[in-house]
Amino acid sequence: MKLTTNAKFSIALVAVFAVVLGALLLGNRSATETTNAGASGASVLRDDTHLLSTAPDNDVVLVEFLDFECEACLAMYPTMERIRAEYADRITFGVRYFPIPSHTNSGLAARVVEASSRQGKFVEMYQRMYDTQTQWGESSESQEAVFRSFAQDLGLDMAAFDADVNDPAVAERVEQDFNEGIDLGVQGTPTLFLNGVQLPSMPTYDDLTARIDAALSQ
């Protein structure tokens, strides 16, 4: 059957529309992926990001934006510790501060952990915050005295610790993580990125390991 001129023109228009639509969709997808990777100037993994495990090649990078007063982060903590132990030399796993403003002590807790990192005790204070969160979390009063007791238990130089907790540079370091998290699309905690791509909220251990294994096999 021969096509009329109008029919041929209609088919051509449909074909052009499909090509244009495909290009737009691909462009939107690429833009989203680029944003996750830091098109706004933010970077998922920075040179100063605190690493809980390091792979020599950095081929697979997992980053968690967290809040030490967040109950969901506490629920996720055992999974993240398990991931850290099982993939210790195969993936780079970093954590970044994202203290939720409505949590009274989350910002202070982040500064305490950052101050502890200046004395080589980042991991120990990171773990202490989650191990004790049920004791101090969700309080409307400052937990500064409680956090100082943690620092004393870890054998920190308390004069240096107190100075660092109140150092504007420490607050700026925490704020930098928070602001870059916003730029990357972080809206709550915990938020995980695997190789620059934001993962669904609260992935299970099985889902997370499946994603990591798939990334490692590429």
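Rules behind the numbers
- Residues numbered from 1 in each chain as written.
- Predicted model: local features only at pLDDT ≥ 70, side-chain atom pairs only at ≥ 80, totals over all residues.
- Heavy atoms only, no water.
- UniProt positions renumbered as here; feature names shortened; annotations may be inferred.
- Buried < 20%, exposed > 50% of the residue type's maximum accessible area, 1.4 Å probe, protein only.
- Helix = DSSP H or I, 4+ residues; strand = E, 2+ residues; numbered from the N terminus.
- Arc of directions from axis to C-beta.
- Contact = heavy atoms within 4.5 Å.
- Polar contact = N/O pair within 3.5 Å; in protein donor to acceptor, adjacent residues only side chain to side chain.
- Pairing = 2+ DSSP bridges.
- Right-handed = clockwise from strand over helix to strand, strands pointing away.
- Salt bridge = Lys/Arg side-chain N within 4 Å of Asp/Glu carboxyl O.

Under an unreviewed UniProt entry, the protein has the name DsbA family protein and belongs to Rhodococcus baikonurensis. What UniProt states about the protein under its Sequence similarities (unreviewed entry) heading is, verbatim, "Belongs to the thioredoxin family. DsbA subfamily."

J.: Even after reading the chapter, I still don't get helix H7 (residues 158-165), so can you show me in this structure?
T.: One full turn of an α-helix is made of 3.6 residues, so residues set three or four places apart face in the same direction. Turning to H7, its buried residues are Met158, Phe161, Asp164 and Val165. For H7, the angular spread of buried residues about the axis comes to 125°, placing them on one side. Against the buried residues of H7 lie helix H3 (106-117), helix H6 (144-153) and helix H8 (168-183). Capping of H7 at its N-terminal end is provided by Asp157; its side-chain oxygen lies 3.1 Å from the backbone amide nitrogen of Ala159.

J.: Sorry, what's going on with the pairing of strand S2 (residues 61-66) here?
T.: Along any regular strand the residues' side chains alternate between the sheet's two faces. Judged by how many residues are buried, S2 sits mostly within the fold: six of six residues are covered. Residues Val61, Val63 and Phe65 point to one face of S2 and Leu62, Glu64 and Leu66 to the other, with burial holding for every one of them. Both S2 and strand S3 (residues 92-97) contribute to a ladder of six bridges, which runs parallel. Within S3, the residue paired with Val63 across the bridge is Gly94. The handedness of the S2 to S3 crossover, carried by helix H2 (residues 71-86), is right-handed. Judged from the four bridges that link them, S2 and strand S4 (residues 191-194) form a sheet pairing that is antiparallel. Counted as the bridge partner of Glu64 is Leu192 from S4.

J.: Looking at this structure, I do not really get the pattern of salt bridges. What am I missing?
T.: Pairs may arise between side chains of opposite charge once their charged atoms sit close together. By the definition in use, this model includes 13 salt bridges. Glu81 is the salt-bridge partner of Arg84, the closest N and O atoms lying 3.0 Å from each other. In this pair, Arg84 and Glu81 both sit in helix H2, three residues apart, roughly one turn of the helix. Its relative accessible area of 18% is what places Glu81 among the buried residues. In this structure, the salt-bridge partner of Glu86 is Arg82, at a minimum N-O distance of 3.1 Å. Taken as a pair, Glu86 and Arg82 lie in helix H2 at a separation of four residues, close to a single helical turn. With a relative accessible area of 43%, Arg82 lands in the partly exposed category. Taken together, the shared-partner salt bridges connect Arg46, Asp48, Arg96, Arg173, Asp177 and Glu180 into one network.

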